[in-house]
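Residues per chain are reported as follows:
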Amino acid sequence: MRNAEQHWRRIAGGSSCAARSAKQVLLPRLEPVGGFARLANIIERPASRTISSALIAWRPRKFVFAGKSGPMGSQTELKRARVIVAGGGPVGALAAYQLAITGIDTILLEALPDCPEDMRASTLHPPTLDMLDELGLLDELDRIGLRAPIYQYRNRRSGEAIEFDLGELADVSAHPYRLQCEQYKIARLVIAKLDAMPTGQAIFNRRVLGYTQDSQGISVAVETPTAVEHFRADYLIGADGANSTVRKWTGTEFQGFTYPERFLTLSTRYPIEEHLDGLANVNYVSDQDQWYVLLRVPEFWRVLVPTEIDTPAEDLLCDANKDSVFGGLLGNDDNIETYHRTLYRVHQRVAANFRHGRVLLAGDAAHLNNPLGGFGMNSGVHDVWNLTRKLRDILIDGADADTALDLYDRQRRSVAKSFVQTQTIANKKMLEAGDGSGGRNQEIQMARIARDDGLRRDYLMRQSMYESLQQEADIR
């Protein structure tokens, strides 16, 4: 078995994820619909990946499941599992892994030919680390991640910094720190473990087209580069991202709004810490002209800035704008090399329902928020931590499905609306108040919180997301 795996790794150029892709399909690596447009180091999400009002309002035509053969594909074998998970990001991977380790046959389907390499989410909060530790995953993530117990709110012009230390939560968490680790590294680690289990399987180049459900289960049609395959399961988890096909098939509304500006992320190995005194690994920087977020991950510094609404994408991704961003941040004219430039739209949205019969939504498929505070990926992990336990109770212990899954919908949808949306919107407004008296008032308020033991404790519990989990537990 080990020799066979080495054989597939040689075919795939050494990558374990690519080896799985080669082993499973050995098909042409066709570009999936809506994929990233890439040019050298510049990456921009094209319009087809942006959630527009037209996409949100779109309702799919009625889907007719065609059995083993159908109008869009050749004859294929019907594949079966207890649960199918759509989406190979960290949320989908963790959902599939958690189900598989409880003995539930699970298939993970990912539309891309390899694990999605998204540079945006990179922060794991303390309660998420508690969960990953319980799953036996944290030791390996700790080795490839970067601990960040302290984060700062800084004023770029004055140099003043207000610090918060998650170490103060050591009495409630065995992991009182943030772990900085890019989301694609998490997904790859978890999928490798999933594939090694007899009850788990990850299949790439598989894009969900649609589904039908009945009293006995759910039938899912899946596109490959050359055919349409058909799957049958008890439940389908839609963790297939912001443009989720699964969510669109449910017909549920994706309520909320899209910010008019886009966010630009630049990554560099330039030693930013040598130019800003006392810099932490996580920093929120206010400025009267432009705010910044500075996050350190193991290999890079990542700089996040808002952009002007009407500026063309090519002007935002060009060298001149890159130099302007770093010049404004660091106050020098060094030629700073970047390794990724990503431009994307930001949304605050929550699906009207997280449950549609045998279909459950989680992660970005269920809710979207701005990245300030690092709540997006973490709240998705918390979704599937809740959901997989309820599915285990249903499929193994015979719990009532309607009772359990309706509770999942109430708990996680309520938290997404009342906590995640509220906190991320507030975090953005705080950084935007960087000019004039508004910015000064925000600094005074944050300094008051930092000085007061009770206020600081409440703030840390809220920003670390322990408060959100208590809110979830209080909903019955």
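S.K.: Please explain the pairing of strand β15 (residues 235–238) as it appears in this structure.
M.R.: Residues in a regular strand point their side chains to alternate faces of the sheet. Neither face of β15 is left uncovered, since the one carrying Y235 and I237 and the one carrying L236 and G238 both have all their residues buried. Direction of pairing for strand β4 (residues 83–86) relative to β15: parallel, over a ladder of four bridges. Across the sheet, V85 pairs through a bridge with I237, a residue of β15. Pairing geometry for β15 and strand β22 (residues 359–361), over three bridges, is parallel. The partner of L236 across the bridge, within β22, is V359.

S.K.: Looking at this structure, I do not really get helix α15 (residues 466–474). What am I missing?
M.R.: Spacing of three or four residues puts side chains on the same side of an α-helix, whose turn is 3.6 residues. Those residues of α15 that sit buried are Y466, S468, L469 and E472. An end-on view of α15 places all buried positions within 160° of arc, on one side of the element.

S.K.: Sorry, what's going on with the sheet that holds strand β21 (residues 355–356) here?
M.R.: Each strand in a sheet pairs with its neighbour through backbone hydrogen bonds, running either in the same direction (parallel) or in the opposite one (antiparallel). One open sheet accounts for six strands, arranged β11-β5-β4-β15-β22-β21; its pairing is mixed. With one partner strand each, in any of the chains shown, β11 (200–203) and β21 form the two edges of the open sheet. Most of the contacts of helix α4 (residues 90–101) go to strand β5 (residues 106–109), to which it runs at about 170°, and overall it touches β4, β5, β11 and β15. The strands that helix α7 (residues 183–195) touches are β5 and β11; relative to β11, the one it contacts most, it runs at about 125°.

S.K.: How do you make sense of the environment of K322 when you look at a structure like this?
M.R.: Assignment of secondary structure puts K322 in helix α10 (residues 319–330). Classification of K322 as buried rests on a relative accessible area of 4%. Between the C-alpha atom of K322 and that of I336, which follows or precedes it by 14 residues, the distance is 8.3 Å. Setting aside anything within four residues of it in sequence, one finds K322 in contact with L266, N335, I336, T338 and R341.

S.K.: What's the story with the sheet that holds strand β3 (residues 78–80) in this structure? I'm lost.
M.R.: Spatial strand order, β3-β14-β13-β12: four strands in an open sheet with mixed pairing. The outermost strands of the open sheet, each flanked by one partner alone, are β3 and β12 (207–213). Within the sheet, the average angular offset between the axes of one strand and its neighbour, ignoring direction, is 25°. In the sheet, β3 pairs with strand β14 (residues 228–233) via three bridges, with the strands oriented parallel. The residue of β14 that forms the bridge with L78 is H230.

S.K.: Would you explain the packing of α4 against α7 in this entry?
M.R.: Packed helix pairs are characterised by how far apart their axes lie and by the angle those axes make with each other. Running from amino to carboxyl end, α4 crosses α7 at an angle of 25°, the nearest separation of the two axes being 9 Å. In terms of axis orientation, α4 runs roughly parallel to α7. Regarding α4 and α7, the two cross each other, and that crossing is left-handed. Touching P90, A93, L94, A96, Y97 and A100 of α4 are Q183, I186, A187, V190, I191, K193 and L194, all from α7. Taken together, the residues of the contact of α4 with α7 break down into 11 nonpolar, one polar and one charged.

S.K.: How should I be thinking about the packing of aromatic side chains in this particular structure?
M.R.: Aromatic ring pairs: the centre-centre distance and the angle between the two ring planes describe each pair. Tallied over the entire structure, the rule returns 12 aromatic pairs. Relative to F164, the ring of Y151 has its centre 6.0 Å away and its plane inclined at 25°; by these criteria the two rings are stacked. Of this pair, Y151 sits in strand β8 (residues 150–155) while F164 is found in strand β9 (residues 161–165), placing the two residues 13 residues apart along the sequence. Considered together, Y151 and F164 belong to a single accessibility category, that of buried residues. Across the ring face of Y151, the terminal group of R178 is positioned such that the distance to the ring centre comes to 4.7 Å. Just above the ring of F254 sits the side chain of R247; from NZ or CZ to the centre is 3.7 Å.

S.K.: Hey, could you run me through the side chain of R232 in this one?
M.R.: Mapped onto the fold, R232 is located in strand β14. In this structure the side chain of R232 is engaged in a polar contact, spanning 2.9 Å, whose partner is the side chain of D214. Other than its neighbours up to four places away in sequence, R232 contacts L78, K79, R80, A81, I84, D214, Q216, G217, I218 and S219.

S.K.: What's the story with unusual backbone geometry in this structure? I'm lost.
M.R.: Peptide bonds are mostly trans, and most non-glycine residues show a negative phi. Of note in this structure, N205 is not a glycine but carries a positive phi near 55°. Position of N205 relative to the elements: it lies in the loop between β11 and β12. A positive phi is found at M465, a non-glycine position, where the angle reads about 85°.

S.K.: Looking at this structure, I do not really get the nonpolar core. What am I missing?
M.R.: Looking at soluble globular proteins, one finds that nonpolar side chains tend to be buried together. Counting residues in hydrophobic clusters, the biggest one holds 75 residues, and the most contacted among them are V220, Y235 and L236. Other than its neighbours up to four places away in sequence, Y235 contacts R82, V83, I84, I218, R358, L360, L391, I394, L395, A401 and L405. One finds Y259, Y284, I449 and Y459 within the second-largest nonpolar core, a separate group that totals 24 residues.

S.K.: Mind showing me how you'd approach helix α5 (residues 126–134) here?
M.R.: Along α5, the residues that are buried comprise P126, P127, T128, L129, M131 and L132. Contacts from the buried residues of α5 go to α4, β6 (123–124), α6 (138–144), β10 (178–180), α11 (376–395) and α15. Backbone geometry just downstream of α5 places G136 in the positive-phi region, at approximately 80°.

S.K.: Is there a simple way to explain the pattern of salt bridges in this structure?
M.R.: Where charged atoms from two side chains of opposite charge come close, those side chains can pair. Applying the stated criterion across every chain yields a total of 24 salt bridges. Its salt-bridge partner being D234, residue R82 comes within 2.4 Å of it at the nearest N-O pair. Of the two residues, R82 sits in the loop between β3 and β4 while D234 sits in the loop between β14 and β15, which places them 152 residues apart along the sequence. Judged by relative accessible area, which is 17%, D234 ranks as buried. Its salt-bridge partner being R147, residue D142 comes within 2.6 Å of it at the nearest N-O pair. Taking the relative accessible area as the measure of exposure, R147 reaches 46% and is therefore partly exposed. Residues participating in the shared-partner salt-bridge network are E182, K185, R269 and E299.

S.K.: Whenever I open this one, the pairing of strand β20 (residues 340–351) confuses me. Can you help?
M.R.: Within β20, 11 of the 12 residues are buried, which leaves the element mostly enclosed by the surrounding structure. Taken together, the 11 bridges between strand β16 (residues 254–268) and β20 define a ladder with antiparallel strand orientation. The residue bridging R262 from the neighbouring strand is R345, located in β20. As paired elements, β20 and strand β23 (residues 367–368) share two bridges and run antiparallel to each other.

The rules we used
- The residue numbering used here restarts from 1 in each chain and proceeds along that chain's sequence as written.
- Given that the model is predicted, a residue must reach a pLDDT of at least 70 before its local features are reported, and side-chain atom pairs must reach 80 or more before they are shown or counted; all residues, however, enter totals for whole chains, interfaces and linings.
- Side-chain numbers come from the whole structure's heavy atoms, not from hydrogens or water.
- Type-normalised accessible area, obtained with a 1.4 Å probe on protein chains alone, sets the label of each residue: buried when under 20%, exposed when over 50%, and partly exposed for intermediate values.
- Secondary structure follows DSSP: runs of H or I at least 4 residues long count as helices, runs of E at least 2 residues long count as strands, and numbering of each begins at the N terminus.
- Strands were regarded as paired on the criterion that DSSP finds at least two bridges between them.
- Along the arc lie the directions from the helix axis toward the C-beta atoms.
- The contact definition used throughout considers only heavy atoms, calling two residues in contact when any of these lie within 4.5 Å.
- Interaxial angles span 0 to 180 degrees and are taken between N-to-C directions of axes, which are lines fitted to C-alpha atoms, for helices over the stretch in contact.
- Angular relationships are summarised with four words: roughly parallel below 35 degrees, roughly antiparallel beyond 145, roughly perpendicular across 65 to 115, and oblique for the angles in between.
- Take the far helix as the reference: if the near one is turned anticlockwise from it by less than a right angle, the crossing is left-handed, and if turned clockwise, right-handed.
- Three residue categories are used. Nonpolar comprises Ala, Val, Leu, Ile, Met, Phe, Trp, Tyr, Cys and Pro, charged comprises Asp, Glu, Lys and Arg, and polar comprises the others, including Gly.
- Only rings of Phe, Tyr and Trp enter the pairing, Trp through its six-membered ring, and a pair is recorded when the two centres are within 6.5 Å. The plane angle decides the type: under 30 degrees is stacked, over 60 is edge-to-face, the rest tilted.
- For a ring to carry a charge above it, either NZ of a lysine or CZ of an arginine must fall within 6 Å of the ring centroid while also lying within 35 degrees of the normal to the ring plane.
- N or O atoms within 3.5 Å of each other form a polar contact, as long as, within protein, one can give a hydrogen and the other can take it, and as long as residues adjacent in sequence are counted only when both atoms are side-chain atoms.
- Put simply, buried Ala, Val, Leu, Ile, Met, Phe, Trp, Tyr and Cys residues joined by side-chain atoms within 4.5 Å make one nonpolar core.
- Here, a salt bridge means any Lys or Arg side-chain nitrogen found within 4 Å of an Asp or Glu carboxyl oxygen.

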